[in-house]
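What follows is each chain in one-letter form.
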Amino acid sequence: MNVIPWNYVARVLRYLKPYWRFAAASIVLTVLSALAALLVPWPLQIVVDHVLGKDPLPPMLAKVVGSVGTHKMQLLVLVVVAGLVLALLINVLQVLNNYINTKVDQFITMDFRSELFLHAQRMSLAFHDRRRSGRLIYLINSQGDAPAGLIMTIPLLAESVLTLIGMFWISWTMDWVLALASLAVVPFLYYSVGYYATHIQDRLQRVKSLESESLSVIHESLSMMRVIVAFGREEHEYKRFRDQTHSAVAARVKVTMHQTIFSLFVNMITAVGSAAVLGLGAYHVIKGQLKVGELLVVIAYITAVYKPLELISNTIGALQDRFLSLKNTFKLLDTEPDIKDAPGARPIKRATGQITYEAVEFSYSGRTDTLKEISFEAKSGEVIGIVGPTGAGKSTLVSLLPRFYEPKQGRILLDGTDTRELTLKSLRQQISIVLQEPLLFSGSIAENIGYGRLDASTEEIVEAAKAANAHDFIMRLPEQYNTILGERGAAVSGGERQRISVARAFLKNAPILILDEPTSSVDSKTEAVILEALDRLMVGRTTFMIAHRLSTLHHADKILVLDQGRLIEQGTQEELLRMNGLYRQLHEAQTSTKSRRTHPVHSAAPVPA
Ligand code: ATP
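Residues numbered from 1 in each chain as written. Predicted model: local features only at pLDDT ≥ 70, side-chain atom pairs only at ≥ 80, totals over all residues. Heavy atoms only, no water.

Visitor: Quick rundown of the overall build of the protein chain? Include the residues and the values.
Guide: Secondary structure summary: the protein chain contains 22 helices and 12 strands in total. For a compact globule of 609 residues, the expected C-alpha radius of gyration is about 25 Å, and the protein chain comes in at 37 Å, more than 25% above that figure. Considering only C-alpha atoms, the protein chain reaches an extent of 125 × 60 × 50 Å along its principal axes. When contacts within the protein chain are restricted to residue pairs at least 6 apart in sequence, those whose partners lie at least 24 apart make up 77%. With an accessible surface of roughly 33000 Å², the protein chain has 62% of that area assigned to carbon and sulfur atoms. For the protein chain, the distance from the average site of its 63 positive side-chain charges to the average site of its 56 negative ones is 4 Å. (Helix = DSSP H or I, 4+ residues; strand = E, 2+ residues; numbered from the N terminus. Rg over C-alpha atoms; globule rule 2.2 N^0.38 Å. Contact = heavy atoms within 4.5 Å. Areas by Shrake-Rupley, 256 points an atom, 1.4 Å probe, with all protein chains shown as cover. Lys, Arg positive; Asp, Glu negative; His and termini not counted. Charge placed at Lys NZ, Arg CZ, Asp CG, Glu CD.)

Written out as structure tokens, the structure reads:
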């Protein structure tokens, strides 16, 4: 990366477009501030040379102040008052500029973070599988302020450049030798900025990586709170966080030390320059080429030349942090989602729900043959059961349908059209999903059910809850539909959460339903209540139901039996039982477990009386 990557600067300026009026106002204010700053040393010069000294006022000034110019006391009062007015003006301009800049800064940051957030949501699940959420949060939140940060330094740099030119020009008219001498430091500054910028980047990237890791630890720990408490690992997690943060802090302190030493270096270079100018200036006074008052003014100007020079050097140094944040955030924005609408993809209205898998193959990254040669057909409105040992690929098989992942080979047809030829949005509108772990948002129960269709009325939400056998328990809660759930739906039981998620699926009213072991983590009584609701939900929809308990598949039209990623059997329950294959083994294993539960076998020999 260059010291100033101009392509990033150009790209960042695009975010300023909606706020160009504010930017224009800010430029005007900056120019006014720079002009006002040019006037600051003059009251001092007038006091020294014309009030305390005996020199007459320059004709222009004498004309402006009129007779006051001839009375020293009146002139003194006028100059002091003019100095105060100037200070007031500079401060008012600064307040206005701060207001505008804060507004632009905050809005650009919001826009950029929103863009990052939107893009992160567009990325496929395969992308998110590889990323830690904490790192993504760090990228969006902590690095998302880089464009605004860079834009906000532009007026500062522009003001410095303007001040630099103005001060240099005035110094030149007073003593060009001194003015030129003051610029001798520029090459040193240039090389030190270049050296610093190229050497700090790796360190800064490391700091960012460590800081984002710290956030990942917090994020992961907070979302795993129940496990931490259950295993009593609070101390362990605390130590993990401390150790991680300690490395991040140590690295940040080191980088800050480097930044400070760099500033010190820059300031020393300009200090050497100032000393040289002072020496040379005093020599000119001794030789009678310069008056003492003029020397003071020249010194004041040259100090004012160095200030922007220092500022520009230090700012370019500090900007390296922003440039790295830009590199990281642009990298995310430039990563094309691997699952997106194909060119010419068309939306689908309500599908009938006919689904065909044709020789579908899929592997997660780094794994082989998660699914191999899967072919089957589901007619509209059929219930398709999916069974198989753990890890057989059941969840993966159904997650290919809404294109959470993309098959490596083969195709999936919905109503005869390849799902890749449909827009993602319209495809996903056709599918409701009820997962094993009911995922709910914090917010009210009504909001959670309403998530199924955002424009649903209260009556429709209540209807959906009734159909999902959730209405009665909701009405027993003190706040009923307004009951606020904690994060991930804490505040209601697992079975109740599942009924809320079934109500959500009811409300979505999609023609295809995916049920991924929705009752595996509830007791048999709750299971019966949920299954009853699901039976209602399945009516008229093509349903895929993954189940470990085969009894829940009693009315499946077809059952797919998966083993190690292969579809080894398919047919009705009776057909599969006749086949004498894996399904029959699973069936027999479950029936014998059931009978063991009903008639416990006591293996220990009876104790003689
Ligand atoms: P279970 O009955 O235990 O839920 P399943 O039949 O639904 O299992 P899948 O979840 O589809 O099985 O997983 C199939 C295989 O893919 C397993 O070997 C699993 O380890 C692997 N797998 C699942 N998800 C991922 C992932 N995100 N990245 C990599 N491998 C994965």
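Anyway, onward from the coordinates.
Visitor: Residues and numbers for the site of the ligand, please.
Guide: In the region of the ligand, 15 residues are neighbours, and T390, G393, K394, S395 and T396 sit closest. Between the ligand and R367 there is a distance of 2.9 Å, counted from an oxygen atom to a side-chain nitrogen or oxygen. Measuring from an oxygen atom of the ligand, one finds a side-chain N or O atom of H548 at 3.5 Å. Its free accessible area being 630 Å², the ligand has 67% of it covered by the protein chains. Broken down by element, the residue count for the shell around the ligand peaks at 3 residues, all from helix α14 (residues 394–399). Within the shell around the ligand, the residues separate by chemical class into 4 nonpolar, 7 polar and 4 charged. (Near = heavy atom within 4 Å. Polar contact = N/O pair within 3.5 Å; in protein donor to acceptor, adjacent residues only side chain to side chain. Nonpolar A, V, L, I, M, F, W, Y, C, P; charged D, E, K, R; others polar.)

Visitor: I'd like a rundown of the pattern of salt bridges, residues and numbers included.
Guide: According to the stated counting rule, one finds 18 salt bridges in the structure shown. Its salt-bridge partner being D145, residue R322 comes within 3.7 Å of it at the nearest N-O pair. Placement of R322 in helix α13 (residues 292–334) and of D145 in the loop between α7 (133–142) and α8 (146–174) is noted, with a sequence separation of 177 residues between them. Taking the shortest distance from any N to any O, the salt bridge between D321 and K208 comes out at 2.6 Å. On the criterion of sequence distance, the pair formed by D321 in helix α13 and K208 in helix α10 (residues 186–223) is long-range, its members being 113 residues apart. What makes D321 buried here is its relative accessible area of 16%. Given a relative accessible area of 5%, K208 falls into the buried group. One connected set of salt bridges, linked through shared partners, spans R132, R135, E213, E220, E237 and R240. (Salt bridge = Lys/Arg side-chain N within 4 Å of Asp/Glu carboxyl O. Buried < 20%, exposed > 50% of the residue type's maximum accessible area, 1.4 Å probe, protein only.)

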